[in-house]
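# Secondary and tertiary structure notes
Single-letter residue listing:
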Amino acid sequence: MSPPDTRLEPGFDPPAPGRAAPPPPPPPRKPERRRRRRPSLFGGVFRFLFTLAMVAIVAGGVAAFGLYRHIAADLPDYRWLADYQPPQMSRIYAADSRLMAELAAERRVFMPIEAIPKLVQAAFVSAEDQRFWEHHGIDPRGILRAIITNIEQYGTGRRMGGASTITQQVAKNMLVGNDRTLLRKAREAILAIRIEEALPKERILELYLNEIFLGYQAFGVAAAAQAYFNKGLDELSLGEIAFLGALPKAPNNYNPVRYPEAARARRDWVLDRMAEDGAITAEQAAAAKQEPIVPRMLRRPETLPVGQYFTEEVRRELLNRFGPEQTTMGGLVVRTSIEPALQKATEQVLRNGLVSYDRRRGGWRGAITRISAGSTDWMPQLEAVQRPGGVLPEWKLAVVLEVRPGEAKLGWIERPDSRSPAQPRTGILPFDGLAWARKALGDGRFGGRPSRMQDILSPGDVVPIEVTAPGAGGRPDRLALRQVPQIEGAIVALDPQTGRVLAMAGGWSFDKSQFNRATQAQRQPGSSFKPFVYLPALEAGVPPTQRFLDGPIEVMTPQGVWRPSNYTEGSYNGYVSIRTALQKSLNLVTIRVAQEVGMAKVSETAARFGVIDNMPRYLAMSLGSGETTVLRMAAGYAGFASGGRKVTPTFIDSVQDRRGRVIWRSDARACEGCDAPRPGEEPPELVDARPQIADPIAVYQMTNILTGVVQRGTGTAAGKGLDRPIAGKTGTTNDYVDNWFVGYTPDIVIAVWLGFDDPHSLGKDETGGHNAAPVFRDVLQAALGNSPPVPFRAPPGVALVRMQDGNATIMEAFRPGTENSARRVGGETASGSARSEDQNLGGLY
């Protein structure tokens, strides 16, 4: 038998010696079968809902993305906001910065963000979007706050508040509209995010503050400041600023006139928010709350009551230079050269001259119309009479109530302002001073001189009157009879050193006719053109003492023989100097001078000075039978006053865009040193870069001769009572159709024209020296006043020789070497032989 197996089973420890063996391990137990739990009803529902929610989230995300793609695909382009320039009225200012006119398609006031005070910006940010400087277009905190607030106010009847940021409001106001729909809000939010990515915060706030509607038909903070308080933004108090910040939510609900308590409460709330944001202190807020809200009616800025022709000329130039859109909506600031005081005087002087002629040659043309004056209801009838064009603002339309031999009683309607009721007024028109009121019969014929008031007026006549002496102490108002003249006129006054037009009158009244006779009417200059005939002779070296024959002359023309004459027909003076010919305005000498220098040279001189372009080369043109304008004549004579430099008339000094940048300037002179950080010892010198269009010596000789016209010639009325050097020339065209005087000093050039719009004779002996020269004199007196006289400066090289001119001793100006070179010209035609108009004998020197 085999030996016993003594190997131990794994895990069996043999008993220690002397110890009993342990019992065998129990047999392994059969594992129990685990019971399956029955599923919980709640857990199943939870899993179902969770799964459903996940599916809904995924589906919602897909739907939201699809909706976003759909909305985003249809969003308007927002990138144009970066360059958006809202329509803004342009303003025209006079030389003294007084407002002349506003040009606008819409009355908006745009303020760049740099010009909006910081407190105004802070008020709107605090009231509308406290986290404006932090968020990126939408404000999640604001949305949550609005949701909670709306839940709390649900059922109270209050309008639910929104959470739109300033950027969202820009998107709403300028891109997506004002529909109260969720789709619009979604479009607004997407656009707000995109706008924030494209534009800086300052630009977004600028757009908002200029486009937001704040009631009273005001768009933007600047317009609202004017509408509510008649102030600029920089003039507002803190309380007024906070009130404006309260308006965006509901302008009509916070109208300070209709709802003062609500307006005050909302304003105080804005002040608290500003203090909370640190824009102001609590003490400032408390003080501002004590301010009452006092709205002031908006008054449109007062504009100059004069210069309508000037303003219209500026408007036309702006349209030509910048186009209609930029002119009326570009917010241009236009500085002009007009001097209001001189402009007012110029218009008054012109009207005085026209009235003087009209009373002398026009007579009394009768009443405007007739109404029933016997009844007491003349006021409604008079109110129904249409005010004729040309009746000046200070004149009244009055009805004749009673007529007595020495006076008439008239009644008119007085209104202190447009809202006041009509009040009847009466006054007395005396017969004294009405000798001019001869009845006009037509064709230049008049009735006899009136001997009593019944010869002029009848009860029921409606006539223009002016109150000359208001009644006092129970005495009635004293009246003067007025009449709109038929004759017209124009004046231009400009600075010869710069070309700046200082004053311009284009007619009796802009209300009567907007046709500007200073710039648009083409009229014959007559003898005022003669200096441009003699100047080329002086440039050629002909001395002022050169003698030409003042005698009969015949010129062959295609129409036959032309036999011109002087003003006094059949009057001849024999050989006379150039000076004498100009002083006496001798036509025959002028023609001979034109023959000698050649009409080609005369035409070229007229073009050089800007008087007539492309003038036909006929000898008749040398007597001023071409056509030009008052403005061109003033510019031409300015060439004499400036020493022979080209003078271009300008009405506009500078134009600035809405941000104040100068985009155009008339004065192109360079000024070296003007932009130096510190002024030097010597003032900077302006370099005159205008082209030299004529020889300075010849120009000075012409000026010296033209002073003789004013002192001893046909233009003595121009210098009457003025102790200063004045140069100028009269002009009268054939049959006394046009009257001119154009003259100048070293400081100013003034051109005057009188005549009828429908060219016909002013009447025998109605000359430029008689009608236009006195008008020139009065304008010059208004321009220079009591300033010290300034002499004409002679250029280098001029030789001044003391000579006799009749009974006067003068200093004649010569080109060196020509003092004794004068000789006689024109004897070969004294016998009456005809010279062809085309023949040119050439210059003498």
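All figures in this text were calculated on a predicted structure; none of them were measured in a lab.

### Looking at the overall build of the chain
Counting its regular elements, the chain contains 20 helices and 26 strands. Of the contacts made within the chain by residues no fewer than 6 positions apart, 70% connect residues no fewer than 24 positions apart. Carbon and sulfur atoms make up 52% of the accessible area of the chain, which amounts to about 43,800 Å² in all.

### As for the sheet that holds strand β1 (residues 90-93)
Reading across the sheet, the five strands line up as β2-β1-β3-β18-β19 and stay open at both edges, with mixed pairing between neighbours. Two strands lie at the open edges of the sheet, namely β2 (99-103) and β19 (662-665), each paired on one side alone. Here the strands of the sheet are splayed against their neighbours by 15° on average, with no regard to which way each runs. Two strands pair when backbone bridges link them, and strand β18 (residues 652-656) and β19 are joined in this way by three bridges, in the antiparallel orientation. Bridging across to β19, Val655 finds its partner in Trp664. Running at roughly 35° to β2, helix α11 (residues 308-329) makes contact with β1, β2, β3 (333-336), β18 and β19 of the sheet.

### Observations concerning the sheet that holds strand β13 (residues 501-505)
In spatial order, the strands read β13-β12-β22-β21-β20; together these five strands make up an open sheet with antiparallel pairing. The sheet terminates laterally at β13 and β20 (727-732), the two strands that pair on one side only. For this sheet, the mean angle separating the axes of adjacent strands, direction not counted, is 5°. Inspection of the sheet shows strand β12 (residues 488-494) paired to strand β22 (residues 749-755) by seven bridges, in the antiparallel sense. Pairing of Leu494 across the sheet is with Val749, part of β22. Relative to the sheet, helix α20 (residues 768-784) contacts β12, β20, β21 (739-744) and β22, its axis offset from that of β21 by approximately 35°.

### Some words on the pattern of salt bridges
Counted according to the given criterion, the structure contains 44 salt bridges. For Glu240, the salt bridge identified is with Arg296, shortest N-O distance 3.8 Å. Placement of Glu240 in helix α8 (residues 238-246) and of Arg296 in the loop between α10 (282-289) and α11 is noted, with a sequence separation of 56 residues between them. With a relative accessible area of 10%, Glu240 lands in the buried category. Assessed through its relative accessible area of 40%, Arg296 is described here as partly exposed. One salt bridge connects Asp657 with Arg661, and the closest N-O pair in it is separated by 3.0 Å. Linked by salt bridges that have partners in common, Glu114, Arg203, Glu206 and Arg659 make up one network.

### Considering the pairing of β1
Neither face of β1 is open: one carries Ser90 and Ile92, the other Arg91 and Tyr93, and all of them are buried. Examined bridge by bridge, β1 and β2 share four bridges and lie antiparallel to one another. Note that in β2 the partner of Tyr93 across the bridge is Leu99. Hairpin connection of β1 to β2: five residues between the antiparallel strands, including Ser97 at a positive phi of 70°. One ladder, built from three bridges, connects β1 with β3; its direction is parallel. Looking at the pairing, Arg91 lines up with Val333 of β3.

### Thoughts on the packing of α8 against helix α9 (residues 260-276)
α9 packs onto α8 with a crossing angle of 100° between their chain directions and a minimal axis gap of 8 Å. With respect to each other, α8 and α9 are oriented roughly perpendicular. Seen from α8, the contacting residues are Leu238, Gly239, Ala242, Phe243, Gly245 and Ala246; seen from α9, they are Ala263, Arg266, Arg267, Val270, Leu271 and Met274. When grouped by side-chain class, the residues that make up the contact of α8 with α9 number eight nonpolar, two polar and two charged.

### Here we look at unusual backbone geometry
For Asn230, which is not a glycine, the phi torsion comes out positive at approximately 55°. Inspection of the secondary structure puts Asn230 in the loop between α7 (221-229) and α8. The backbone phi angle of Asn614 is positive, close to 55°, even though this residue is not glycine. In this structure, Asn614 sits in the loop between α17 (599-608) and α18 (630-641).

### Some details on helix α12 (residues 340-361)
The end-to-end C-alpha distance of α12 is 32 Å, a good match for the 32 Å that 22 residues give at a rise of 1.5 Å each. Downstream of α12 by a residue or two, Gly363 has a phi angle that is positive, lying close to 70°.

### Here we look at the environment of Ala751
Along the polypeptide, Ala751 turns up in strand β22. In the structure, Ala751 is positioned 11 residues away from Trp740 in sequence and 7.5 Å away in space, judged by C-alpha atoms. Apart from the residues within four sequence positions on either side, Ala751 is in contact with Ala490, Ile491, Val492, Val630, Ala634, Phe741 and Val742.

### Focus on the side chain of Thr629
Mapped onto the secondary structure, Thr629 falls in the loop between α17 and α18. The exposure class of Thr629 is buried, given its relative accessible area of 5%. Of note is the side chain of Thr629, whose polar atom sits 3.1 Å from the backbone nitrogen of Arg632.

### A short note on the nonpolar core
In this structure, Val492, Phe529, Tyr534, Tyr637, Phe640 and Tyr744 are the most contacted members of the largest nonpolar core, which totals 85 residues. Of all hydrophobic cores here, the second largest spans 51 residues; its members include Ala222, Tyr228, Met274 and Ala288.

### Topic: a nonpolar patch on the surface
Together, Val45, Phe48, Leu49 and Leu52 line one region of the surface with nonpolar side chains, adding up to about 390 Å² of accessible area. Tracing the backbone through its elements, the reader meets Phe48 in helix α1 (residues 41-73). The class for Phe48 is exposed, based on a relative accessible area of 54%.

### Re the side chain of Thr733
Relative to the helices and strands, Thr733 is located in the loop between β20 and β21. Overall, the relative accessible area of 7% leaves Thr733 in the buried class. Reaching out from Thr733, the side chain makes a polar contact with the backbone nitrogen of Asp738 at a distance of 2.8 Å.

### As for the packing of aromatic side chains
For any pair of aromatic rings, the description consists of the separation of the ring centres together with the inter-plane angle of the planes. Enumeration according to the criterion identifies 22 aromatic pairs in this entry. Between Tyr228 and Phe229 the ring centres are 6.4 Å apart and the planes differ by 45°, which places this aromatic pair in the tilted class. For the residue pair Tyr228 and Phe229, the accessibility class agrees, reading buried in each case. Relative to Phe651, the ring of Phe310 lies with its centre 5.2 Å away and its plane at 75°, an arrangement referred to as edge-to-face. Separated by 341 residues along the polypeptide, Phe310 in helix α11 and Phe651 in the loop between α18 and β18 bring together distant segments of the chain. What makes Phe310 buried here is its relative accessible area of 0%. An aromatic cluster of three or more residues is present, and its members are Phe529, Phe532, Phe609, Tyr637, Phe640, Tyr744 and Phe792. The ring of Phe110 carries Arg658 above its face, with NZ or CZ at 5.3 Å from the centroid.

### A look at the confidence of the model for the chain
For the chain, the mean per-residue pLDDT works out to 86, and 84% of the residues sit at or above 70. Residue range residues 8-12 is modelled with pLDDT below 50. Its contacts to residues more than four positions away, or to other chains, number one contact. Throughout residues 828-845 the model reports pLDDT below 50, and contacts reaching past four residues in sequence, or to other chains, amount to 47 contacts.

### Comments concerning the environment of Lys396
With respect to the helices and strands, Lys396 occurs in strand β5 (residues 396-404). You can call Lys396 partly exposed: its relative accessible area is 24%. Placed 66 residues apart in sequence, Lys396 and Val462 show a C-alpha to C-alpha distance of 10.0 Å. The contacts of Lys396, once residues within four sequence positions are left out, are Trp412, Glu414, Val463, Pro464 and Ile465. A distance of 3.4 Å separates a polar atom in the side chain of Lys396 from a polar atom in the side chain of Glu414.

Parameters and conventions
Residues numbered from 1 in each chain as written. Predicted model: local features only at pLDDT ≥ 70, side-chain atom pairs only at ≥ 80, totals over all residues. Heavy atoms only, no water. Helix = DSSP H or I, 4+ residues; strand = E, 2+ residues; numbered from the N terminus. Contact = heavy atoms within 4.5 Å. Areas by Shrake-Rupley, 256 points an atom, 1.4 Å probe, with all protein chains shown as cover. Pairing = 2+ DSSP bridges. Axes fitted to C-alpha atoms, helices over the stretch in contact; angles between N-to-C directions. Salt bridge = Lys/Arg side-chain N within 4 Å of Asp/Glu carboxyl O. Buried < 20%, exposed > 50% of the residue type's maximum accessible area, 1.4 Å probe, protein only. Parallel < 35°, antiparallel > 145°, perpendicular 65-115°, else oblique. Nonpolar A, V, L, I, M, F, W, Y, C, P; charged D, E, K, R; others polar. Expected span 1.5 Å × (residues − 1). Polar contact = N/O pair within 3.5 Å; in protein donor to acceptor, adjacent residues only side chain to side chain. Core = buried A, V, L, I, M, F, W, Y, C linked by side-chain atoms within 4.5 Å. Patch = residues over 30% accessible without salt bridge, like charges linked within 9 Å, V, L, I, M, F, W, Y side chains within 5 Å. Phe/Tyr/Trp six-rings, centres within 6.5 Å; stacked < 30°, edge-to-face > 60°. Lys NZ or Arg CZ within 6 Å of the ring centre and 35° of its normal. pLDDT = per-residue confidence, 0-100.

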